[in-house]
Amino acid sequence: MAEKFIIHPCGPLKGEIGIGGAKNAVLPVLAGSLLTGQPCVISNVPNLSDVEYMCELVESLGGFTAWNRNQGTISIDTSRLTKCEAAYELVGKLRASFLITGPLLARLGRARVPLPGGCAIGSRPVDLHLKGLAAMGAEIEYAHGYVEATAQKLQGAKIYLDFPSVGATENIMMAAALAQGQTIIENAAVEPEIVDLANFINTAGGDVRGAGTDTIKINGVKDMKGTHHSVIPDRIEAGTFMVAAALTRGDVMLTNVMADHVKPVTAKLKEVNVNVNETPHGIHVKADNCELIAADIKTLPYPGFPTDMQAQFMSLMAKAKGTSVVTETVFENRFMQVGELKRMGAIIKIESRSAIIEGVDKLTGTQVCASDLRAGAALVLAALVAEDTTEISGITHIDRGYHLLDERLNELGACIGRAIEA
Ligand code: EPZ
């Protein structure tokens, strides 16, 4: 049954919130567990539907997963990995499913995976993933909406990524882990989730060096072993709560967060006149005595301002004093929240890849629809400070990437109900 949020305006958010494990770290690590035939235990796993879908996919290939949601751990055993073809209906639910291509090719010598379609934020091709696998000797064929990659034994290669794609870096790194010889990825993505995946591969007996820099060297090994890996905290969930505290002029302490990973968001919040302090206990956002001042952002690959925080920041700028320019350089269609924010009273004009936001004194509640994960989060944030009630439909998008965002905001003083959509 489809559900909706019913959000009443709330006062300043106050209190302490613990940040969960990173969705964009646990998904590649689960794919990476296909590289070894020995059992792995993944911990600090966030309770998200995207994680559920990845577990379903691993099981459809012959793997075994046991998810203890209370402990936040997944035991995963792919010793009986029998299939190298991913079902369309599973891949269609989760774009990150394409990350199984490299590990399956490396482990079984073949992978047949549906080409992921585009999504709300853009066409999202996988050409860089496939260019890297082909460079390592894979035969790549396309038929009936599937890509079929085969390789007797992948060979190490030097690969230059035209764009520092996170997914392509992850897929190639995983394939290279079991290849013959050394693979060098140049212009690699440097996101923290890349480093986390490299750490998983290395503790499972792989040999990845330079993760976190734009040049990653992977020395292929014959086989890998089981390991226990705890995923990093979710820097985007953290950033979302930081913006929620700022927007409501609240006073919130975020714990279980890696301050370095949210530096771009911290710097930008300070620029808009919000107090953000990194303490030994966590990150303290104190905005109860400040006027929000407009600032510009331009999304860039890490360590630039994250594209996954662009929509949330736009909600903040909708109520800031002055005019701000938000430029989205990573995805070609990531302003899906603009139309709905305007219906709430925001003044926003889109000019090519930029949105010009003129801050307003008040936003008004109405019915809006979440089109994708981060646009949905942006609407929740705007609804927290709207003059009256807002109803947000399409919240399955939000539940994919945030564990009980409504309940956890309510713990800080928000007033969000969840109801079945009529
Ligand atoms: C990852 O997606 C994240 N998803 C995204 O988070 C995030 O927005 C993105 O990285 C950028 O940081 C996961 O990690 C599961 P990319 P990914 O490959 O790997 C183009 C969220 O909200 N491109 O770095 O798909 C692509 O079209 C999600 O949590 C190619 O052209 O991102 C895009 O314009 C959304 N060819 C740009 O690169 C390729 O082969 C960045 O894509 C691959 C990508």
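Residues numbered from 1 in each chain as written. Predicted model: local features only at pLDDT ≥ 70, side-chain atom pairs only at ≥ 80, totals over all residues. Heavy atoms only, no water.

Participant: Pulling in residues and values, what's your account of the environment of Val285?
Facilitator: With respect to the helices, strands and loops of the structure, Val285 is situated in strand E16 (residues 282-286). The spacing of Val285 and Leu94 is 191 residues in sequence and 33 Å in space, taken between C-alpha atoms. (Helix = DSSP H or I, 4+ residues; strand = E, 2+ residues; numbered from the N terminus.)

Participant: An account of the pairing of strand E14 (residues 251-255) is requested, with residue identities and associated values reported.
Facilitator: With four of its five residues buried, E14 lies for the most part within the structure. Pairing between E14 and E16: four bridges, direction antiparallel. Bridged to Leu254 within E16 is Ile283. (Buried < 20%, exposed > 50% of the residue type's maximum accessible area, 1.4 Å probe, protein only. Pairing = 2+ DSSP bridges.)

Participant: So what's going on with helix H5 (residues 127-135)? Residues and values would help.
Facilitator: Along H5, the positions that sit buried rather than exposed are Leu128, His129, Leu130, Gly132 and Leu133. Residues of H5 that are buried in the fold lie against helix H4 (101-108), strand E7 (139-143), strand E8 (146-150), strand E9 (158-160) and helix H6 (166-177). Positive phi shows up at Gly137, right after H5, with a value of about 100°. (Contact = heavy atoms within 4.5 Å.)

Participant: How would you sum up the site of the ligand? Please name residues and give values.
Facilitator: Among the 21 residues in the neighbourhood of the ligand, the closest are listed as Asp127, Leu128, Ser165, Asp308 and Val330. Bound to the protein, the ligand loses 86% of the 830 Å² it would expose on its own. The set of elements that each furnish at least two residues to the shell around the ligand consists of helix H1 (23-32), H5, H6 and helix H12 (373-384). Ranked by the residues each element gives to the shell around the ligand, the list is headed by H5, at three residues. Counted by class, the shell around the ligand contains ten nonpolar, five polar and six charged residues. (Near = heavy atom within 4 Å. Areas by Shrake-Rupley, 256 points an atom, 1.4 Å probe, with all protein chains shown as cover. Nonpolar A, V, L, I, M, F, W, Y, C, P; charged D, E, K, R; others polar.)

Participant: Lay out the packing of aromatic side chains with the relevant residues and their values.
Facilitator: Using the criterion set out here, one finds one aromatic pair in the structure. Measuring from centroid to centroid gives 5.4 Å for Phe305 and Phe313, while their planes differ by 65°, and the two rings are edge-to-face. You'll find Phe305 and Phe313 in the same group, each marked buried. Between Arg112 and the ring centre of Tyr146, over which it is positioned, the NZ or CZ distance is 3.9 Å. (Phe/Tyr/Trp six-rings, centres within 6.5 Å; stacked < 30°, edge-to-face > 60°. Lys NZ or Arg CZ within 6 Å of the ring centre and 35° of its normal.)

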